[in-house]
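One letter stands for each residue in the lines below.
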Amino acid sequence: MKRDPVLTARGVGKTYVTGGGTVTALSPTDFSVERGEFVMVSGPSGSGKSTLLAIVSGLLTPDSGHVEVLGQDLTQLSRHQGDALRLASFGFIFQRFHLIPALTAMEQVSIVLRRQGLKSRLADVRASRVLEDVGLGHRLKNRPDSLSGGERQRVAIARALAKRPRLIFADEPTSALDSSNGRQVAEMLRATALDEGTGVVCVSHDPRLEAYADRVVRMEDGCIRTEA
Ligand SMILES: Nc1ncnc2c1ncn2[C@@H]1O[C@H](COP(=O)(O)OP(=O)(O)OP(=O)(O)O)[C@@H](O)[C@H]1O
Ligand SMILES: [Mg+2]
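Below is a summary of the structure that appears in this document. Since the model is a prediction, treat every value here as computed from it, not as a measurement.

Moving on: the environment of arginine 159. Looking at the secondary structure, you find arginine 159 in helix H5 (residues 149–162). Overall, the relative accessible area of 15% leaves arginine 159 in the buried class. Arginine 159 sits 58 residues away from proline 101 along the chain, and the two C-alpha atoms are 14 Å apart. Residues contacting arginine 159, with those up to four places away along its chain left out, are Phe97, His98, Leu99, Gln108, Val109 and Val112.

Taken together, 13 residues lie around ligand 1, and Ser45, Gly46, Lys49, Ser50 and Thr51 are the ones closest in. For ligand 1, whose unbound accessible area comes to 630 Å², protein coverage reaches 61%. Elements that contribute at least two residues to the shell around ligand 1 include exactly strand E1 (5–18), strand E2 (21–34) and helix H1 (49–56). No other element matches H1, which puts three residues into the shell around ligand 1. Grouping the amino acids of the shell around ligand 1 by side-chain chemistry returns four nonpolar, eight polar and one charged.

Axis separation between helix H4 (residues 120–133) and H5 bottoms out at 9 Å; the angle between their running directions is 130 degrees. Relative to H5, the element H4 lies oblique. When the axes of H4 and H5 are compared, the crossing they make is right-handed. Contact with H4, carried on its side by Arg126, Val130 and Leu131, involves Val155, Ala158, Leu161 and Ala162 of H5 and no other residues of that element. Partitioned by chemical class, the residues of the contact of H4 with H5 number six nonpolar, no polar and one charged.

Along its 14 residues, H4 runs 20 Å from first to last C-alpha, staying within 8% of the 20 Å computed at 1.5 Å per residue. For H4, the set of buried residues is Ala123, Arg126, Ala127, Ser128, Val130 and Leu131. On its buried face, H4 is in contact with helix H3 (105–115) and H5. After H4 finishes, the residue glycine 135 shows a positive phi value of roughly 80 degrees.

Ranked by size, the top nonpolar core spans 38 residues in total, and within it Phe38, Ile93, Leu131, Val155, Ile157 and Leu189 carry the most contacts. Taken together, the elements giving at least two residues each to this core come down to strand E3 (38–42), H3, H4, H5, strand E7 (167–171), helix H6 (179–196) and strand E8 (199–203). In terms of residues, this core owes the most to one element, H5, which gives seven residues. Setting aside its immediate chain neighbours within four residues, leucine 131 contacts Ala105, Met106, Val109, Leu136, Gly137, Leu140, Val155 and Ala158.

Attention shifts here to the side chain of arginine 86. Among the structural elements, arginine 86 can be located in helix H2 (residues 79–89). Judged by relative accessible area, arginine 86 falls into the buried class, the value being 15%. At 3.0 Å, the side chain of arginine 86 and the backbone oxygen of glycine 58 are in polar contact. Among all residues touching arginine 86, those that are not within four sequence positions of it are Ser57, Gly58, Leu59, Phe92 and Lys163.

Definitions and limits used
Residues numbered from 1 in each chain as written. Chains lettered and ligands numbered in written order. Predicted model: local features only at pLDDT ≥ 70, side-chain atom pairs only at ≥ 80, totals over all residues. Heavy atoms only, no water. Helix = DSSP H or I, 4+ residues; strand = E, 2+ residues; numbered from the N terminus. Buried < 20%, exposed > 50% of the residue type's maximum accessible area, 1.4 Å probe, protein only. Contact = heavy atoms within 4.5 Å. Near = heavy atom within 4 Å. Areas by Shrake-Rupley, 256 points an atom, 1.4 Å probe, with all protein chains shown as cover. Nonpolar A, V, L, I, M, F, W, Y, C, P; charged D, E, K, R; others polar. Axes fitted to C-alpha atoms, helices over the stretch in contact; angles between N-to-C directions. Parallel < 35°, antiparallel > 145°, perpendicular 65-115°, else oblique. Left-handed = near helix turned anticlockwise from the far one by under 90°. Expected span 1.5 Å × (residues − 1). Core = buried A, V, L, I, M, F, W, Y, C linked by side-chain atoms within 4.5 Å. Polar contact = N/O pair within 3.5 Å; in protein donor to acceptor, adjacent residues only side chain to side chain.

Here it is as structure tokens:
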């Protein structure tokens, strides 16, 4: 396969200084994602998975190393430039959905598109289409408290997909879901990588999801141990 990296991290590391001493959450590490590749990051609790994800998505500044995304060095961007890049090109999916309680499913998705500059009618049309794609066409007007866990996570996925991001970052997106909803989420992420050429980085404890990934990166004690 021709290499076409959408994200390349070199030597990224992070040590936290706490009251009780220092914790090396991530030893200097290389990590990359190709266009259309679904990469899973697995490993025990505390092994540095979320730290790696936060660094390569620009949410956390590493102590060392660089992260290049779409020709830009994330570690050199101002806060404003980083926010703008994330809004334009990254989708995020978290374990606990991070939906806004007062908004309907449609509003959760369309608000992001409006923030990107889409006119409100267009944003609504695209939001409802993406919600239909994730099987929620009949839930457009529901707020999070009237949706199941699986439905909430599908709203969060629709919110991430609607802007057609170049990269999706997901941290334990299935761990609050039962196995059938978890599989559906993994299938959607895989389809997005395949159909849209989106690079997907997904942190998960769940070995059942590994079958969906193109590549599995295993972490232990802040280091990448093996790649399969
Ligand atoms: N803000 C912080 N301050 C101090 N230590 C931290 C901080 N965030 C993470 N750590 C420590 O860094 C290490 C790696 O944490 P990280 O959250 O990346 O692990 P993880 O693999 O995502 O774990 P989990 O599977 O439990 O989510 C752990 O030892 C953790 O306690
Ligand atoms: Mg974590």
